[in-house]
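# Report on the structure
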Amino acid sequence: MEHQTIKLRNFLMLMIGFVLFAWGSSSCYYDKEEELYPNPPNCDTTNITYSETIAPVLQNNCNMCHGSASPSAGIITDNYTDLKNIIDAGSFRGAINHLSGYSPMPKDENKLPECDLTKINYWLNNGAPNN
Ligand code: HEC
């Protein structure tokens, strides 16, 4: 009798442990950034840098209106220092992701191509390094 009670208790402990483990690992799983922002297929997010990845996208889509010489709305996207100002203000992320409360950019166009946007958001989430 005594022996059986111990076995039952061990079994219950094991079950509780298992349930806690399953619950714990599944909540981690859903917190992962890749799950919240899945990459589009064939979009390579390795080796992203400001100079090689981000600056060329801005050159092609933004600098014609937001160049240093005569910037629309005083917003400048053609160098890191000025770009960092609108990143820190939150308007860069808001504008390119068409979040409510921000003017959607590029102006009067669709969002940037999905992979370009993914790369920019990835870079932003990593602290927008000047690399
Ligand atoms: C055709 C010109 C044009 C292009 C291209 C353009 N913008 Fe703009 N942008 C504007 C104008 C004009 C404004 C002022 C707000 C408005 O009129 O919508 C503005 C505003 C902004 C703002 C401020 C938004 C806010 O709500 O505070 C940001 C940030 C911005 N642009 C970033 C960008 C980025 C990044 C790109 C490229 C992906 C881009 N813009 C492309 C003309 C442009």
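Calculation notes
Residues numbered from 1 in each chain as written. Predicted model: local features only at pLDDT ≥ 70, side-chain atom pairs only at ≥ 80, totals over all residues. Heavy atoms only, no water. Helix = DSSP H or I, 4+ residues; strand = E, 2+ residues; numbered from the N terminus. Contact = heavy atoms within 4.5 Å. Areas by Shrake-Rupley, 256 points an atom, 1.4 Å probe, with all protein chains shown as cover. Phe/Tyr/Trp six-rings, centres within 6.5 Å; stacked < 30°, edge-to-face > 60°. Buried < 20%, exposed > 50% of the residue type's maximum accessible area, 1.4 Å probe, protein only. Core = buried A, V, L, I, M, F, W, Y, C linked by side-chain atoms within 4.5 Å. Polar contact = N/O pair within 3.5 Å; in protein donor to acceptor, adjacent residues only side chain to side chain.

So, on to the overall build of the protein chain. Counting its secondary structure elements, the protein chain contains seven helices and zero strands. Starting at the N terminus, the α and β elements of the protein chain follow one another as α-α-α-α-α-α-α. Counting contacts in the protein chain only where the partners sit at least 6 residues apart, residues at least 24 apart contribute 52% of the total. About 9300 Å² of surface is accessible on the protein chain, with carbon and sulfur atoms providing 56% of the total.

Bringing the packing of aromatic side chains into the picture now. Per the counting criterion, the structure on display carries two aromatic pairs. Aromatic pair Y50 and Y80: ring centres 5.3 Å apart, planes at 75 degrees, arrangement edge-to-face. Here Y80 lies in helix α5 (residues 80-89) and Y50 lies in helix α3 (residues 50-61), a separation of 30 residues in the sequence. The buried category is assigned to Y80, whose relative accessible area is 16%. Note on Y50 and W123: the rings are 6.0 Å apart at their centroids and 25 degrees apart in plane angle, and the pair reads as stacked.

Examined against the element boundaries, N121 turns out to sit in helix α7 (residues 114-125). Residue N121 is classed as buried on the basis of its relative accessible area, which comes to 16%. Considered as a pair, N121 and R93 are 28 residues apart in the sequence and their alpha carbons are 7.6 Å apart. Apart from the residues within four sequence positions on either side, N121 is in contact with R93, I96 and N97.

In summary, soluble globular proteins display a tendency toward joint burial of nonpolar side chains. Ranked by size, the top nonpolar core spans 18 residues in total, and within it I54, L83, I87, F92, I120, W123 and L124 carry the most contacts. Those elements that place two or more of their residues in this core are α3, α5, α6 (91-96) and α7. Excluding its chain neighbours within four sequence positions, the residues that come into contact with I87 are F92, W123, L124 and A128.

Next up on the list: the environment of N97. Relative to the elements of secondary structure, N97 occurs in the loop between α6 and α7. Distance in space between the C-alpha atoms of N97 and N121 is 8.8 Å, their sequence separation being 24 residues. Apart from residues lying up to four places away in sequence, N97 is in contact with K111, L117 and N121. A polar atom in the side chain of N97 sits 2.8 Å from the side chain of N121.

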